[in-house]
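Geometric and topological summary
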Amino acid sequence: MNMPAAQPADGERHAAVLVRDVDMDFGNGPLAVQSASFSLEAGRFLTILGPSGSGKTTLLRMIAGFQKPSRGQILIGGKASDAVAPHKRTIGMVFQKLALFPHMTVNENVAFPLKMRRFNPKDIPERVARYLDLVRLGGYGTRRIHELSGGQQQRVAIARALVFEPDLLLLDEPLAALDRKLREEMQLEFRRIQKELGVTTINVTHDQREALVVSDEIIVMDQGRIQQHADPVAMYRKPASPFVANFIGVSSFLKGEVTETGLSVNGFSCAGTLPRNMSLGSVAQGAIRAEQIRISATAADLASCDTTLQGTVTDTIFEGERLLYFVAVPGLATALQIYHHDPLGHAPHDRGAAVTIGWNARDLLIFPPQNM
Amino acid sequence: MISQSQRITIWTLVWIALLTLSLPTIVVLGASFTSGNIIAFPPDGLSLKWYAKLAMARDLQQAFLRSLVVSLICTAVALPVGTLAGLALSRFRLRYEGAIQVYLLLPFTVPLIGSGIGLMLVFGEWRVLGSLWPVGVACAVINLPFIVWSVSSSAVLLDPDLELAAQSCGAGRVQTFLHVTLPAVMPGVITGSLLMFILAMNEFLVSLLLTDARTVTLPVQIYNSIRSIITPDLAAVSVVFILIALLAIWLLDKLVGLEVFLKSK
């Protein structure tokens, strides 16, 4: 794996979280987490993104101290995490199913960490009220948990995790169960609250959109390994591997032989951006984003593209703000996926229509073979 | 939509069921108010004389008090054991979990006469027969599955991360148990305890084997009376029993809510 270093080595000394060569072996097959290393500066919002079974939750639970790494080291605020019992750490956590205390009111839930951490009892009500205001639940303090909506319960869980001013906030996919509208609303809430308090945050999710929206940095994991660690823009524009290109955004993949200008796929010359040290004639895979391919009924419209191909529309999907076309090009193994934004609202290309598609060399990213 | 004939069928079945379930209670209730000298339904005139007799009957009263003591001992023993066992079985991944579950169910599968004789032999060997506490302990042993089930069914509904959440709030193990786990399964604990109390109150066969003339409990005392003559005071005793059961259900509704109780089974 080529893993771009997130920051210079001397930055590690000031890292809020430092994960070094961490393995997790549950003893039933491949390692759940393998050689994970990263560091996170204070005040940053990191999202660990990956499909289910990628090891992201295991990594988070090791950082939380609920599981001990089989190998490697986790430092939080410069101190080894396993030197401190879980309940002595200043880590706030929002759990997958929230794990609110069902027998307590909203106030009691939020006050619980303060009582356990022996805050001055006189200050507790004021502080609870302040954090309920922060999550916009002012006035809900005397409600029971089951009387709240899903979104309100989320807010209680956030307040409970933050009320004792932890050094680190961990979010274990708490938004996964919400419907889309509420999820997007809560994503913005997480971002707002995190920016307001400046608390170092690690979020775990399988939702690539959430990762892009909320994070300062993203780590993509697959099969227990960190695939890439970058900021959202770099992660989207310069995916380190076909896996990342496929997991974030919608991409089409082309496999062919490396040429001077890109790839030769079944005799079609496809202009692309080559990494350094690619030997001519070797087999490589390229990925192109659905929004970087242009589509038109007339070839003349795409004269400025570095590569143009003739194809047939095999499917047209209306997504509201855009159309998704599947275009089959004779000789290419899979149909290419193409997003088409049409603010003027032209009639879409019908299924079976002959179209020209095209792209520019900088948009077809070609990956070194070890990442295939 | 339900048609007219379906409606008639359903209500007929409902009323038959309700009547069958409540008929014995109604009959006993009626019979207890008789002014005659034999147990009969419909009652032969109305009076409270059998309740008055009950108020005078020292043997019945003492048997009732003994039954209360037995029930309290049974509940006191079963409460910690059943709660911890129920929590352990549902909140932790245990080695031999299946075997433990079967072991805890054994009292259900062994006929009461079997466990009764077994307990009698054990307690006899220990030379403790003749006191009340072995009866309470015995009731706790044979009815333990009820409270274990009641607590587990409450506990499995909890979020699997509940204890971790308490830890991340700064609670140690003991605090987590006292402030979070135990209160969260309290509905199951209360339900189970009331069940244990009522079951011990009603327990007949095992009490019969473990009691003697000095320690008879109420069900045994009633049985002894039936063997000589059936008088309406027994109907009155039955009504007292029913009242205790109603009191337990009322308590359950106040403390837990009947809705929760019915769902948990």
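As the structure is a prediction and not an experimental result, all values here were calculated from the model.

**Things to note about the nonpolar core**
Ranked by internal contacts, the top residues of the largest apolar core, which has 149 residues, are A:Val17, A:Ala159 and A:Leu170. It is helix H6 (residues 133-155) of chain B that contributes the most residues to this core, 13 residues altogether. Counting residues domain by domain, this core receives three or more from each of domain 1 (9-243) and domain 2 (250-371) of chain A. With residues near it in sequence (within four places) discarded, A:Val17 still touches A:Ser39, A:Leu40, A:Ile63, A:Ile76, A:Leu168, A:Thr200 and A:Ile202. In terms of nonpolar packing, the next biggest core, distinct from the first, is built from 16 residues, B:Ala31, B:Leu54, B:Leu60 and B:Val216 among them.

**As for the sheet that holds strand S11 (residues 251-258) of chain A**
Residues and elements named next belong to chain A. With respect to topology, 5 strands assemble into an open sheet ordered S13-S12-S11-S14-S20, the strand pairing being antiparallel. Sheet topology places strand S13 (268-271) and strand S20 (365-367) at the edges, where each strand pairs with a single neighbour. Within this sheet the neighbouring strands show an average axis-to-axis angle of 45°, counted without direction. Of the pairings in the sheet, the one linking S11 to strand S14 (residues 283-289) comprises 7 bridges and is antiparallel in character. Bridge assignment links serine 251 to a residue of S14, and that residue is arginine 289.

**So, unusual backbone geometry**
Residues and elements named next belong to chain A. One non-glycine residue with positive phi stands out, namely glutamate 173, at about 50°. If you check the backbone angles, glutamine 223 has positive phi at about 50° while not being a glycine. Positionally, glutamine 223 belongs in the loop between strand S9 (217-222) and strand S10 (225-230). Assessed through the 16 C-beta atoms surrounding it within 10 Å, glutamine 223 is described here as partly exposed.

About the thresholds
- Residues numbered from 1 in each chain as written.
- Chains lettered and ligands numbered in written order.
- Predicted model: local features only at pLDDT ≥ 70, side-chain atom pairs only at ≥ 80, totals over all residues.
- Core = buried A, V, L, I, M, F, W, Y, C linked by C-beta atoms within 7 Å.
- Buried ≥ 20, exposed ≤ 12 C-beta atoms within 10 Å, placed from the backbone.
- Helix = DSSP H or I, 4+ residues; strand = E, 2+ residues; numbered from the N terminus.
- Domains from an automatic or database assignment.
- Contact = placed C-beta atoms within 7 Å.
- Pairing = 2+ DSSP bridges.
- Axes fitted to C-alpha atoms, helices over the stretch in contact; angles between N-to-C directions.

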